[in-house]
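Chain by chain, the residues run as shown.
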Amino acid sequence: FNDLGLFLARQKKLGEATSAMETAIRLDPKSPLYRNNLAAVHVEAGEPVKAAQALEPVFGKAVASYNVAYLLKERNQIGAARE
């Protein structure tokens, strides 16, 4: 499901990608890889709060916030990354 989500995300089918990745997380809730990929899709979809929420169960609030800020910075969304 994670790989399917990545495939769909590359096709810009972000809703379907999110759904597939959420299924992967339900099957393996502690997988940092799956959560990182879901967070990246949420950032791509303009949903940084959801991205942080996807990461928090595995990384904690501080690291989740940092990772989302990094993803935003990589997309040249400096203002959002500072928030």
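Each remark here, short or long, concerns the structure printed above.
Below: a short report on this structure. (Residues numbered from 1 in each chain as written. Predicted model: local features only at pLDDT ≥ 70, side-chain atom pairs only at ≥ 80, totals over all residues. Heavy atoms only, no water.)

### Brief notes about the packing of helix α2 (residues 14–27) against helix α3 (residues 32–44)
Working step 1: Axis separation between α2 and α3 bottoms out at 9 Å; the angle between their running directions is 160°. Here α2 is positioned roughly antiparallel relative to α3, judged by the angle of their axes. The chirality of how α2 crosses α3 is left-handed. Contact residues: Leu14, Ala17, Thr18, Met21, Glu22, Ala24 and Ile25 in α2; Tyr34, Arg35, Asn37, Leu38, Val41, His42 and Glu44 in α3.
Working step 2: Residue classes in the contact of α2 with α3 are distributed as eight nonpolar, three polar and three charged. (Axes fitted to C-alpha atoms, helices over the stretch in contact; angles between N-to-C directions. Helix = DSSP H or I, 4+ residues; strand = E, 2+ residues; numbered from the N terminus. Parallel < 35°, antiparallel > 145°, perpendicular 65-115°, else oblique. Left-handed = near helix turned anticlockwise from the far one by under 90°. Contact = heavy atoms within 4.5 Å. Nonpolar A, V, L, I, M, F, W, Y, C, P; charged D, E, K, R; others polar.)

### A few points about α3
Working step 1: Over its 13 residues, α3 extends 18 Å from the first C-alpha to the last, a length consistent with the 18 Å expected when each residue adds 1.5 Å.
Working step 2: Of all the positions in α3, only Arg35, Asn37, Leu38, Ala39, Val41, His42 and Val43 are classed as buried.
Working step 3: For α3, the elements touching its buried residues are α1 (2–10), α2, α4 (48–59) and α5 (61–74).
Working step 4: Gly46 sits one or two positions beyond α3 and adopts a positive phi of about 80°. (Expected span 1.5 Å × (residues − 1). Buried < 20%, exposed > 50% of the residue type's maximum accessible area, 1.4 Å probe, protein only.)

### Observations regarding the layout of surface pockets
Empty space left among the atoms is revealed by rolling a probe the size of a water molecule over them.
Working step 1: In this structure, the largest pocket encloses a volume near 190 Å³.
Working step 2: Of all the elements in the fold, those that place two or more residues in the lining of the largest pocket are α4, α5 and α6 (78–82).
Working step 3: Within the lining of the largest pocket, the residues separate by chemical class into eight nonpolar, two polar and three charged.
Working step 4: Roughly 160 Å³ of internal volume is contained in the second largest pocket.
Working step 5: Leu6, Ala9, Arg10, Lys12, Leu14, Met21, Asn37, Ala40, Val41, Glu44 and Arg75 are the residues that line the second largest pocket.
Working step 6: Contributing elements (two or more residues each) for the lining of the second largest pocket: α1, α2 and α3.
Working step 7: Looking at which element gives the most residues to the lining of the second largest pocket, the answer is α3, with four residues. (1 Å grid on protein atoms, 1.4 Å probe; cavity = no way out; pocket = protein on both sides within 12 Å on 5 of 7 lines; lining within 4 Å. Points joined across faces, edges and corners; volume = space filled by probe spheres on them.)

### A word on a nonpolar patch on the surface
Working step 1: Together, Phe1, Leu4, Phe7 and Leu27 make up an exposed nonpolar region whose accessible area comes to about 450 Å².
Working step 2: Relative to the helices and strands, Phe7 is located in helix α1.
Working step 3: Residue Phe7 is classed as partly exposed on the basis of its relative accessible area, which comes to 46%. (Patch = residues over 30% accessible without salt bridge, like charges linked within 9 Å, V, L, I, M, F, W, Y side chains within 5 Å. Areas by Shrake-Rupley, 256 points an atom, 1.4 Å probe, with all protein chains shown as cover. Salt bridge = Lys/Arg side-chain N within 4 Å of Asp/Glu carboxyl O.)

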